[in-house]
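# Chains, contacts and geometry: an overview
Here's the letter readout for the chains.
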Amino acid sequence: MNKQVKNCYESIAAQAGLAVDPTCSVIHGKRDGFDVTLFAPNTSYPYMLQIQVSALRPAGVLTNDELRELRRAHKSIRAVRQKGSVLAVSLKQSMWPKKVAENAVASVGLVLAFLRTHGFYNACQMCGKPGQADGCVVGGEVMNLCPACYALVQQGKQMESEKLANTRENVPAGIVGALLGSLAGVVCIIVLSQLGYISVISGLVMALCALKGYELLGGKLTKVGATVTFVLMLIMTYVGDRIDWAIVIARELGWGFGESFLSVGDLMQMGALDAGAYWGNLVLLYVFLIVGAVPIMLGSLRKRRAATVAYHLGDGVQPRV
Ligand SMILES: [Zn+2]
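Here the structure is a predicted model, which means the values were calculated and not measured.

## Concerning the layout of surface pockets
- Size it by volume and the largest pocket reaches roughly 1600 Å³.
- In terms of lining, the largest pocket is formed by 46 residues, of which the most central are A40, P41, T43, G140 and E141.
- Those elements that provide at least two residues to the lining of the largest pocket are α1 (3-16), β4 (50-56), β5 (77-83), β6 (86-91), β9 (141-145) and α10 (275-307).
- In terms of residue count, the dominant contributor to the lining of the largest pocket is α10 (ten residues).
- Looking at side-chain class alone, the lining of the largest pocket contains 23 nonpolar, 15 polar and eight charged residues.
- Mapped onto the domain boundaries, the lining of the largest pocket takes at least three residues apiece from domain 1 (3-146) and domain 2 (171-307).

This is how it looks when you write it as structure tokens:
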């Protein structure tokens, strides 16, 4: 979290009577009888916040009319969603941190007042029990749970974590998986190029399929696996580009595919193939691979780390796996 975002979140917390969890940037706390959380569902957009509360009432969930009424209650409310007892109110984004804070503080007050006047009470989102429903993070997801449900999910995550720790990473099998997965990226490079495009899509497909392939056959994905997969992606991008040129050469010169594949270098030396176009194409493919694949790789490592962790917001230190 950068300093500007941190200041903005701290200002929201101070004005709304809440606190910022130091490890995961979720604003949380008890207010007006509700356990409320406020966070950016997509961390790439830290100023696009969502208010989340778990609340129930004897008369049942909010009706469509009430949902509409809540959405129109403040100009900064973008959408209101309800799933079981969980009410998620998404706020509009603003470029100005001051405006973000102002809107967030106003909306939190408004949402809680709305729930109270409509007969809602704070409730655990798993068992529906009224009363304490502490904000916590379970497998990377923000939840509101009573102490009994939290103990239960934490135990489950603990077991998952132990199981994962006991799973051995099989690097050779993982490499086979990544290789098979990266073939989807190669196909994507060739098909798109034959249609006249070079796109970030091939990088995305390559990364998603290669990482999935590694995890499926290798048992689990660690930094070692991610690094090996990335090197494989670099090689397979080169191969994909070479196959693409071989197809063009085979078509233009009427040669066999194998011969065309091997003659790319010779044709370039002879000047029959424009070296600038060849290398330019390859560089662009690598740029798109990095743009597409790096966020996916970092994201999936982070997600896998978070998947087996449960902790209470405000507890201080996030347990490490
Ligand atoms: Zn519960």
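Moving on from the model shown.
## Here we look at the coordination of the zinc ion
- Protein-derived coordination of the zinc ion comes from C124 (SG), C127 (SG), C146 (SG) and C149 (SG), at a distance range of 2.3 Å.
- Note that the zinc ion binds four donor atoms; their angles at the metal cover 107 to 114°, and the shape is tetrahedral.
- The sequence pattern formed by the donor residues of the zinc ion is C-x2-C-x18-C-x2-C.
- Residue classification places C146 among the buried residues on the basis of a relative accessible area of 2%.

## With respect to the pairing of strand β3 (residues 34-39)
- The buried fraction of β3 amounts to six of the six residues, a majority that puts the element mostly inside the structure.
- Burial along β3 is two-sided: the face carrying F34, V36 and L38 and the face carrying D35, T37 and F39 are both buried.
- Relative to β3, strand β2 (residues 27-31) runs antiparallel, the two being bridged by five bridges. Across the sheet, the residue bridging to I27 is L38, located in β3.
- The hairpin turn running from β2 into β3, its antiparallel successor, is two residues long, and D32 in that turn takes a positive phi close to 50°.
- Bridge count for β3 against β4 is four bridges, and the pairing is antiparallel. Paired with F39 across the strands is Q50, a residue of β4.

## Some remarks on the sheet that holds β9
- Pairing is antiparallel across the open sheet formed by three strands, whose spatial order is β9-β8-β10. A strand with exactly one partner marks an edge of an open sheet, and here the two such strands are β9 and β10 (310-312). For this sheet, the mean inter-axis angle between neighbouring strands, taken without regard to orientation, is 30°.
- Judged from the five bridges that link them, strand β8 (residues 134-138) and β9 form a sheet pairing that is antiparallel. Within β9, the position partnered with C136 by the bridge is M143.
- Taken strand by strand, helix α4 (residues 147-166) contacts β8, β9 and β10, and its axis lies near 145° from that of β10.

Cut-offs and rules
- Residues numbered from 1 in each chain as written.
- Predicted model: local features only at pLDDT ≥ 70, side-chain atom pairs only at ≥ 80, totals over all residues.
- Heavy atoms only, no water.
- 1 Å grid on protein atoms, 1.4 Å probe; cavity = no way out; pocket = protein on both sides within 12 Å on 5 of 7 lines; lining within 4 Å.
- Points joined across faces, edges and corners; volume = space filled by probe spheres on them.
- Helix = DSSP H or I, 4+ residues; strand = E, 2+ residues; numbered from the N terminus.
- Nonpolar A, V, L, I, M, F, W, Y, C, P; charged D, E, K, R; others polar.
- Domains from an automatic or database assignment.
- Donors = N, O, S within 2.8 Å, 3.2 Å for Na, K, Ca; no water.
- Tetrahedral: all angles 85-135°; square planar, octahedral: opposite > 155°, others 65-115°.
- Buried < 20%, exposed > 50% of the residue type's maximum accessible area, 1.4 Å probe, protein only.
- Pairing = 2+ DSSP bridges.
- Axes fitted to C-alpha atoms, helices over the stretch in contact; angles between N-to-C directions.
- Contact = heavy atoms within 4.5 Å.

Take it as geometry only, folks, not as evidence of what the structure does.
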